[in-house]
Amino acid sequence: MAYHNHNRIILFGRFYEQQYAVALFNSVRYEIEGGGNTQTQLLHRKDPLKNKSIFSGGLFQYLEESKKWRSRFLYVGDSYNISLYESKAAHDRGLHSKGVINCAGYRALTSMEEYLGLLNNNTKAKAASAPFLKCPSQFPLILWHPYARHHYFCVMTEKEQKKWHAIFQDCVRHSNNGLSEECKVATPAFTDALRLYRQAKGHYGTWDMMCGNQAQILANLVMETLHPELKNLIVPRLKGKLQQRQRDWMLISDAVYRQVLSQTKTQHEALAQVCEVERPRLDSALRTDMDQIVTSKEHVSGKIRAFVLPRVEQLVRSKVQPYIHSILEALMEPTSRGFSEVRDILFRELVEVSKNTMNDSSSEKVGEHMDKISMLAFHPVKMQSCYEKMEALNLEGLQQRCDVSSPSVFIQRAQILMRQQMDNAVHTFEQLVHQSLDGHSGEDFCKTIQRCQDRVLKKYDYDSSTVRKKFFREALLQIIIPYMLKQLSPSCSPELPKYKELIFEDFSRFILVENIFEEVVLQSVSKDIMMAVKEAVVQRRHNLYRDSMVLTNSDPNLHLLGEDTIDWAGQIRGVKGERQGGEVANRKRRQIVSMIQLDGMPLLYESCQEVPGVDGIPEENEGQTEQDLETENEIRDLINPVLEVIEKDGSQQTNGMLPLEEGDEVKLITTVTEFVPRESPIKVDEELDTAQIKQSSEEERCVSAIESAIQQIEIAIQEDPIENLSEGAIDSDGEFAQTSTNSSPFHHDDSGFQSPANENVEEVEPQPITDEVVDTDQVMLTLVEGVKSSIDLDAKAPCDASEKKSEVEIES
């Protein structure tokens with residue numbers, strides 16, 4: 001396996017070295033000649049997530065090793081990797097995480113049916129009637145990957161599921177976009193080499209597994225051919241039931257994928273290092289002979305164009321032009337709806353800021369409101385409605401004709417552009433407001449806020465139009481060009497090598513006939529694509545503007561403002577932070593999506609930027625049904641099974657052994673004493689009259705309760721007091737297991753979610769044992785009064801006998 005992987009990477013390495021020189025030539029030529037990119041109206045900030053975290057909270061995770069569900073605390077930082085901790089306290093103490101999930105290539109699912117469908121398609125097995133794991137609630141969350149290990153989670157409510165699903169989708173979206181656009185040489189070289197490598201294997205069109213960084217993409221490239229081979233070789237030899245075979249195959253696939261990923265990472269780093277070492281020499285040669293290289297390339301391009309153009313034009317007229325408008329319409333409808341939703345959310349948030357400043361326009365209050373919307377673009381829950389509009393993109397008719405594997409490539413690209421435009425608009429508004437803070441107050445400042453809002457919305461409309469038009473052109477090219485290359489390559493590719501003779505040997509590394517052939521095809525169809533987009537602009541469809549509608553220097557002073565994120569929270573606490581000796585600089589990272597619960601308050605399911613009134617705060621058990629309580633009890637039983645042992649005779653201690661399965665251990669023993677009626681083997685009271693029983697029952701109950709209480713006190717005094725102190729048992733990991741009051745995985749100190757079933761039980765601290773003499777008469781008087789009062793409250797309470805129950809929690 002390693003030998004075949006090495007051969008694949010070597011073949012890809014040849015394409016990469018060739019395309020690296022071509023990409024360097026294009027970069028240096030662009031630098032010398034300059035480009036004509038349209039200047040945007042909105043500002044762009046460099047590092048919007050600096051000192052920020054996306055989300056943290058608690059849920060249940062299924063562990064493959066123990067085959068059990070355990071509570072976990074998840075932390076999503078600015079890298080969008082998901083870190084797993086045993087508890088919130090473990091994260092706060094800075095302990096190492098139990099694992100980290102990079103979501104590149106994953107899909108976030110919310111139903112077992114959808115997961116089983118993907119699982120059966122991936123293993124090509126018969127449809128399974130039941131999964132190999134049982135989810136303890138109705139709200140699962142599954143991260144599915146075609147090659148790597150799957151991750152299973154669940155929560156207790158639908159609101160939690162929707163919030164976590166939005167966060168997981170955001171992690172997947174961000175991780176898939178792993179290639180940096182700032183690298184003007186390495187990234188184009190990698191993408192072009194990857195495309196040419198797949199075309200050499202006969203794969204044209206989009207590829208939905210181009211996800212993550214370079215090493216992850218190369219691992220997916222290797223697994224694209226290796227995975228089916230291993231499946232055909234190994235799956236028929238697996239034994240056991242269908243669910244067990246599926247589980248075994250997933251573990252094998254994950255092990256292979258991790259090994260391939262390790263190899264591709266090492267080999268790509270070595271390949272990139274070789275090209276970087278060669279870069280200074282290539283750069284020097286380019287700058288010295290740039291004019292001659294450009295002239296030589298134009299000469300060769302003219303020859304190839306004369307040969308290819310007649311065939312290209314015929315293909316465009318017959319097979320491409322009739323479909324351009326329908327493809328464009330399919331792209332424009334959901335994309336424009338998504339960008340319109342972004343504008344609506346932005347407008348509502350800015351109006352809210354404007355309303356709040358009318359009541360209090362002090363710098364501190366303005367800073368608080370601005371701090372709330374600063375990270376609006378990276379709030380996955382608030383942005384979810386925008387992203388859902390793009391999910392409606394349907395390209396079913398093109399999947400076979402144009403070799404489009406799935407629309408996910410275009411959906412995720414449009415969603416990332418939505419987030420960028422939202423962040424640009426918020427950042428521009430921040431800069432304008434920050435500039436207007438000094439010298440304005442009261443009513444004048446409210447008008448200033450309104451003017452800033454209007455300016456930002458106009459700029460957003462123009463930039464949104466520009467970004468969408470560029471996205472439409474690129475998407476059409478991504479769909480049409482691979483189809484045309486697939487149709488033209490059989491007749492044109494064999495004739496291309498003869499044009500290499502026209503290129504000087506010194507320039508052969510920078511001029512490749514395969515790249516020139518693709519450029520000719522692209523230029524021939526670009527004219528028709530541009531015309532289709534212009535027609536949509538002229539018809540004023542989907543709020544698209546002409547490029548000449550707004551001048552590039554219409555607001556030159558705006559671009560003089562800073563590109564860094566404004567720390568509104570730091571400015572609010574600036575004076576206080578200086579007094580405390582720099583506490584502001586070292587404070588905790590701010591979380592964008594907050595689910596932190598205040599002490600004594602129930603969990604708020606709304607986002608951190610929504611402040612509900614007192615009436616809107618749900619009660620702890622509000623809306624909880626009997627089925628929800630049963631579900632929570634099932635989860636607790638799965639995590640900490642409970643065995644009940646009943647001792648019939650409370651006066652005698654029973655010696656015996658409890659049968660434990662292998663790997664089980666007793667975690668905690670809790671003794672509960674209940675007063676229940678003792679069954680008499682001889683029915684001596686059958687002939688007693690009902691009236692006599694009622695008259696004497698109260699007196700007998702008093703005497704029996706007093707005698708029982710005195711007996712318990714004497715036993716407690718004689719026993720060793722140390723044995724009565726229960727500090728909690730130590731679990732297998734060496735950490736203290738909490739008592740039953742805190743054993744719930746939804747304890748608010750341990751996770752971001754709080755179960756509605758949490759009980760408000762106060763912990764009773766053990767009192768110190770002293771040597772004071774007990775006054776028996778005083779104790780008797782107190783007991784008699786207490787027993788009488790309890791009898792008055794509940795006259796039917798049986799207490800003529802006792803039965804002791806022992807609950808033994810067994811950790812399996």
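Residues numbered from 1 in each chain as written. Predicted model: local features only at pLDDT ≥ 70, side-chain atom pairs only at ≥ 80, totals over all residues. Heavy atoms only, no water.

The protein is annotated in an unreviewed UniProt entry as Niban apoptosis regulator 2a of Cyprinus carpio carpio. Quoted verbatim from the Sequence similarities (unreviewed entry) field of UniProt, the annotation for the protein is "Belongs to the Niban family." (UniProt positions renumbered as here; feature names shortened; annotations may be inferred.)

Student: Would you explain the overall build of the protein in this entry?
Tutor: Secondary structure summary: the protein contains 18 helices and twelve strands in total. With 812 residues in all, the protein has 43% of them scored as buried. Here the analysis covers contacts within the protein between residues at least 6 apart in sequence; of these, 79% occur between residues at least 24 apart. In the structure as shown, the protein presents an accessible area of about 45,100 Å², 50% of it carried by carbon and sulfur atoms. (Helix = DSSP H or I, 4+ residues; strand = E, 2+ residues; numbered from the N terminus. Buried < 20%, exposed > 50% of the residue type's maximum accessible area, 1.4 Å probe, protein only. Contact = heavy atoms within 4.5 Å. Areas by Shrake-Rupley, 256 points an atom, 1.4 Å probe, with all protein chains shown as cover.)

Student: What exactly am I supposed to notice about the packing of helix α4 (residues 158-176) against helix α9 (residues 380-390) here?
Tutor: Packed helix pairs are specified by the crossing angle of their axes together with the interaxial distance, meaning the distance between the axes. Taken N-terminus to C-terminus, the directions of α4 and α9 make an angle of 75 degrees; their axes are 9 Å apart at the nearest point. Between α4 and α9, the angle is such that the two are roughly perpendicular. Facing α4, whose interface residues are Lys163, Ala166, Ile167, Gln169, Asp170 and Arg173, α9 presents Pro380, Val381, Gln384 and Tyr387. A per-class count over the contact of α4 with α9 returns five nonpolar, two polar and three charged. (Axes fitted to C-alpha atoms, helices over the stretch in contact; angles between N-to-C directions. Parallel < 35°, antiparallel > 145°, perpendicular 65-115°, else oblique. Nonpolar A, V, L, I, M, F, W, Y, C, P; charged D, E, K, R; others polar.)

Student: What exactly am I supposed to notice about the packing of aromatic side chains here?
Tutor: Describing an aromatic ring pair means giving the distance of the ring centres and the angle of the ring planes. Taken as a whole, this structure holds 15 aromatic pairs when the rule is applied. Relative to tyrosine 499, the ring of phenylalanine 307 has its centre 6.3 Å away and its plane inclined at 40 degrees; by these criteria the two rings are tilted. Taken together, the positions of phenylalanine 307 in helix α7 (residues 242-359) and tyrosine 499 in the loop between α12 (442-492) and α13 (513-538) put the pair 192 residues apart, joining distant regions of the chain. For the pair formed by phenylalanine 307 and tyrosine 499, the shared burial category is buried. Each residue in the set Phe12, Phe15, Tyr16, Tyr20, Phe190 and Tyr197 is aromatic and connected to the rest through ring pairs, giving one cluster. Above the plane of the ring of phenylalanine 307 lies lysine 498, whose end atom (NZ or CZ) is 5.9 Å from the centre. (Phe/Tyr/Trp six-rings, centres within 6.5 Å; stacked < 30°, edge-to-face > 60°. Lys NZ or Arg CZ within 6 Å of the ring centre and 35° of its normal.)

Student: For this particular structure, what's the right way to read the environment of leucine 251?
Tutor: One can find leucine 251 in helix α7. With relative accessibility at 37%, the residue leucine 251 sits in the partly exposed group.

Student: Even after reading the chapter, I still don't get the environment of tyrosine 323, so can you show me in this structure?
Tutor: Position of tyrosine 323 among the secondary structure elements: in helix α7. Look at tyrosine 323 and you get partly exposed, because its relative accessible area is 30%. Measuring from C-alpha to C-alpha, the distance between tyrosine 323 and leucine 398 comes to 9.5 Å, with 75 residues separating the pair along the chain.

Student: In this structure, what is going on with the sheet that holds strand β4 (residues 82-85)? I would like to understand it.
Tutor: Strands in a sheet are paired, the pairing made by backbone hydrogen bonds, and the direction either parallel or antiparallel. Within the open sheet, the seven strands sit side by side as β5-β4-β3-β2-β8-β7-β6. Their pairing is antiparallel. Of all the strands in the sheet, just β5 (99-101) and β6 (107-109) have a single pairing partner and so form its edges. In this sheet, neighbouring strand axes are inclined to one another by 35 degrees on average, regardless of whether the strands run parallel or antiparallel. Where strand β3 (residues 68-76) and β4 come together, four bridges link them in antiparallel fashion. Bridging across to β4, valine 76 finds its partner in isoleucine 82. Here α4 sits on the sheet in contact with β2 (55-63), β3, β4, β6, β7 (139-144) and β8 (151-155), set at roughly 10 degrees to β7. (Pairing = 2+ DSSP bridges.)

Student: Before we go on, may I ask you to explain the packing of helix α6 (residues 214-234) against α7 in this structure?
Tutor: As a packed pair, α6 and α7 sit with axes 9 Å apart at the nearest point and diverge in direction by 140 degrees. Considering only the axes of α6 and α7, their crossing is right-handed. In the contact of α6 with α7, the residues fall into 14 nonpolar, seven polar and two charged. (Left-handed = near helix turned anticlockwise from the far one by under 90°.)

Student: Would you mind showing me how to read α13 here?
Tutor: Given 3.6 residues to a turn, an α-helix orients residues that are three or four positions apart in the same direction. For α13, spanning 26 residues, the distance from its first C-alpha to its last is 38 Å, which sits close to the expected 38 Å at 1.5 Å a residue. A bend of about 30 degrees at serine 526 is the largest found in α13. Following α13 by one or two positions, arginine 540 adopts a phi angle in the positive range, close to 55 degrees. (Expected span 1.5 Å × (residues − 1). Bend = angle between axes of the 7 residues up to and from the residue.)

Student: I'm lost on the pairing of β2 in this one. Help?
Tutor: Side chains on a regular strand alternate between the two faces of the sheet. Along β2, nine of the nine residues are buried, which leaves the element largely enclosed by surrounding structure. Of the pairings in the sheet, the one linking β2 to β3 comprises nine bridges and is antiparallel in character. The residue bridging glycine 58 from the neighbouring strand is phenylalanine 73, located in β3. Count of turn residues in the β2/β3 antiparallel hairpin: four residues, of which lysine 67 carries a positive phi of about 55 degrees. Relative to β8, β2 is paired through two bridges, and the arrangement is antiparallel.

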